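One-letter residues, chain by chain:
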Amino acid sequence: MRLYTAEINNKEEILVAFYDDGCAYIMSKLAKLSSELDFVDMNDLIEKMAAEKEAILKAVAKNVDSLSGAEVKLDEVKLLAPIVRPRQDVICLGINYRDHQAEASRFSKESFDVKKDDAIYFGKRVNRATAPGEAIPSYEGYVDSLDYESELGVIIGKAAKNVSVENALDYVFGYTIVNDVSARNVQRRHQQWYLGKSLDGFTPIGPCIVTADGIADVQALDIKSFVNGELRQNSNTRYMITTVAEAIADLSQGMTLLPGTIIATGTPAGVGMGMQPPCWMKKGDVVVCEIEGIGRLENPID
Ligand code: MG
């Protein structure tokens, strides 16, 4: 099952797609068949649906033919990020693919030369997630080294505290794609990553959330990025240093991960700072992040 957020008639609507046929149903119209499907937004849906989601939705889907006007074509609607306003900062993993560690360290030893087995976590402020197709601002005059990072995004579905690695994936609501856009000069100047990754417009998310049951093995997904059609990153989630389950277990040892928490699980090699010489995104470029089984997240730079 895929969940989208779209702007329809100037209103934010949740869409649900049961099949990969380009069609989806407007959730607020399905709610007329079951009041349990009445959600304020995606955060509300994630919090309320938890385990029952599949059963409720499938029951409603059987009747959906009787509900005219609930169906839309995904290529005819204006998509927003599936979670437009994350309730908390996104939790990011730094340097979570070995090959990216090597290229980052080559670019700036003092900022990125970290060789350790324990994961690196940091926050990324997202006042409003950037929609598929929406422009990423280039901040000319402030940012001179605008970079992309294609990442698997994990959405937590129920409160996780002290969970084991074995049970960790039971707490996942679904998966999405996050472009962890980064201003390398701001990262380096402040000697931490928070500000340089938290500028408005620096977090494209989408195009959808694939619910956890739709991904057979989260550690076996091809992950790529393209700039102006040129393949830049080309890896697989099997090369993560800290797996999704390990990260959830690790984070939850002292911190409760609330429903709707977004974890960006790090990026593989091939970002702009890893190229020789480094190659930054600029106005007019188009960046695409792609993950097998989830889709493509495309954004122009403005
Ligand atoms: Mg990142």
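Reference entry: report on the structure contained in this document. Source: prediction; values computed, not measured.

What counts and how
Residues numbered from 1 in each chain as written. Predicted model: local features only at pLDDT ≥ 70, side-chain atom pairs only at ≥ 80, totals over all residues. Heavy atoms only, no water. Helix = DSSP H or I, 4+ residues; strand = E, 2+ residues; numbered from the N terminus. Rg over C-alpha atoms; globule rule 2.2 N^0.38 Å. Buried < 20%, exposed > 50% of the residue type's maximum accessible area, 1.4 Å probe, protein only. Contact = heavy atoms within 4.5 Å. Areas by Shrake-Rupley, 256 points an atom, 1.4 Å probe, with all protein chains shown as cover. Lys, Arg positive; Asp, Glu negative; His and termini not counted. Charge placed at Lys NZ, Arg CZ, Asp CG, Glu CD. Polar contact = N/O pair within 3.5 Å; in protein donor to acceptor, adjacent residues only side chain to side chain. Salt bridge = Lys/Arg side-chain N within 4 Å of Asp/Glu carboxyl O. Pairing = 2+ DSSP bridges. 1 Å grid on protein atoms, 1.4 Å probe; cavity = no way out; pocket = protein on both sides within 12 Å on 5 of 7 lines; lining within 4 Å. Points joined across faces, edges and corners; volume = space filled by probe spheres on them. Nonpolar A, V, L, I, M, F, W, Y, C, P; charged D, E, K, R; others polar. Axes fitted to C-alpha atoms, helices over the stretch in contact; angles between N-to-C directions. Phe/Tyr/Trp six-rings, centres within 6.5 Å; stacked < 30°, edge-to-face > 60°. Lys NZ or Arg CZ within 6 Å of the ring centre and 35° of its normal.

The helix and strand inventory of the protein chain stands at eight helices and 17 strands. In terms of overall dimensions, the protein chain is globule-like: its C-alpha atoms have a radius of gyration of 19 Å, near the 19 Å expected for 302 residues. In the protein chain, which comprises 302 residues, the share counted as buried stands at 57%. Relative to all contacts within the protein chain whose residues are 6 or more apart in sequence, the contacts with residues 24 or more apart total 75%. Total accessible area on the protein chain is roughly 13,200 Å²; 47% of this is exposed by carbon and sulfur atoms. The protein chain carries 32 positive and 44 negative side-chain charges, and their two centres are separated by 3 Å.

Now for the side chain of Asn 236. Relative to the helices and strands, Asn 236 resides in strand 14 (residues 230–236). Within polar-contact distance, the side chain of Asn 236 engages the side chain of Asp 222 at 2.9 Å. Among the polar contacts made by the side chain of Asn 236, one reaches the main-chain amide nitrogen of Arg 238 at a distance of 2.9 Å. Those residues in contact with Asn 236, other than ones at most four positions away along the chain, are Tyr 97, Gln 219, Ala 220, Leu 221, Asp 222 and Ile 223.

In this section: the pattern of salt bridges. Tallying each qualifying case throughout the model produces 17 salt bridges. Taking the shortest distance from any N to any O, the salt bridge between Asp 180 and Lys 124 comes out at 2.8 Å. Linking Asp 180 in the loop between strand 10 (172–179) and strand 11 (182–183) with Lys 124 in strand 7 (residues 120–124), this pair joins segments that are 56 residues apart in sequence. Using a relative accessible area of 0% as the deciding quantity, one classes Lys 124 as buried. The partner of Asp 302 in a salt bridge is Lys 283, and the shortest N-O contact between them spans 3.9 Å. Of this pair, Asp 302 sits in the segment after strand 17 (295–300) while Lys 283 sits in the loop between strand 15 (262–264) and strand 16 (286–291), and the two are 19 residues apart along the sequence.

Take Val 227: it is sitting in strand 13 (residues 222–227). Classification of Val 227 by relative accessible area gives buried; the value is 5%. C-alpha of Val 227 to C-alpha of Tyr 148: the two residues are 79 residues apart in sequence and 9.0 Å apart in space. Look past the residues within four positions of Val 227 in its chain and what remains in contact with it is Tyr 148, Arg 232, Asp 285, Val 286 and Val 287.

Before going further, it helps to spend a moment on the pairing of strand 14. Direction of pairing for strand 13 relative to strand 14: antiparallel, over a ladder of six bridges. Across the sheet, the residue bridging to Asp 222 is Asn 236, located in strand 14. Count of turn residues in the strand 13/strand 14 antiparallel hairpin: two residues, of which Asn 228 carries a positive phi of about 50°.

What follows covers empty space enclosed by the protein. This structure, assessed with the given rule, holds one cavity of 30 Å³ or more. Quantified by volume, the largest cavity comes out at close to 80 Å³. Taken together, 15 residues line the largest cavity, and the ones lying closest to its centre are Gly 94, Ile 95, His 100, Glu 149 and Lys 197. Of all the elements in the fold, those that place two or more residues in the lining of the largest cavity are strand 6 (90–94) and helix 6 (184–190). Residues belonging to the lining of the largest cavity are distributed by class as follows: six nonpolar, four polar and five charged.

Spatially, four strands are ordered 14-13-16-17 in an open sheet, and the strand pairing comes out antiparallel. Only two strands of the sheet have a single partner each, and these edge strands are strand 14 and strand 17. When strand polarity is set aside, the average angle formed by the axes of neighbouring strands in this sheet is 10°. In this structure, strand 13 lies alongside strand 16, joined through five bridges in antiparallel fashion. Residue Lys 224 lies in a different strand from strand 16, and its bridge partner there is Glu 290.

Our next topic: the environment of Ile 8. As for its placement among the helices and strands, Ile 8 is situated in strand 1 (residues 2–8). On the accessibility criterion, Ile 8 (16% relative accessible area) is buried. With residues up to four places along the chain from it excluded, the contact list for Ile 8 reads Glu 13, Leu 15, Ile 26, Val 72 and Val 77.

Enumeration over the complete set of coordinates arrives at four aromatic pairs. Aromatic side chains Tyr 139 and Tyr 142 sit 6.5 Å apart centroid to centroid with 75° between the ring planes, which places their arrangement in the edge-to-face category. Clustering of aromatic rings is evident, with ring pairs tying together Tyr 139, Tyr 142 and Phe 202. Sitting over the face of the ring of Tyr 171, Lys 158 holds its NZ or CZ atom 5.0 Å from the ring centroid.

As far as function goes, none of this settles anything; it's purely spatial.
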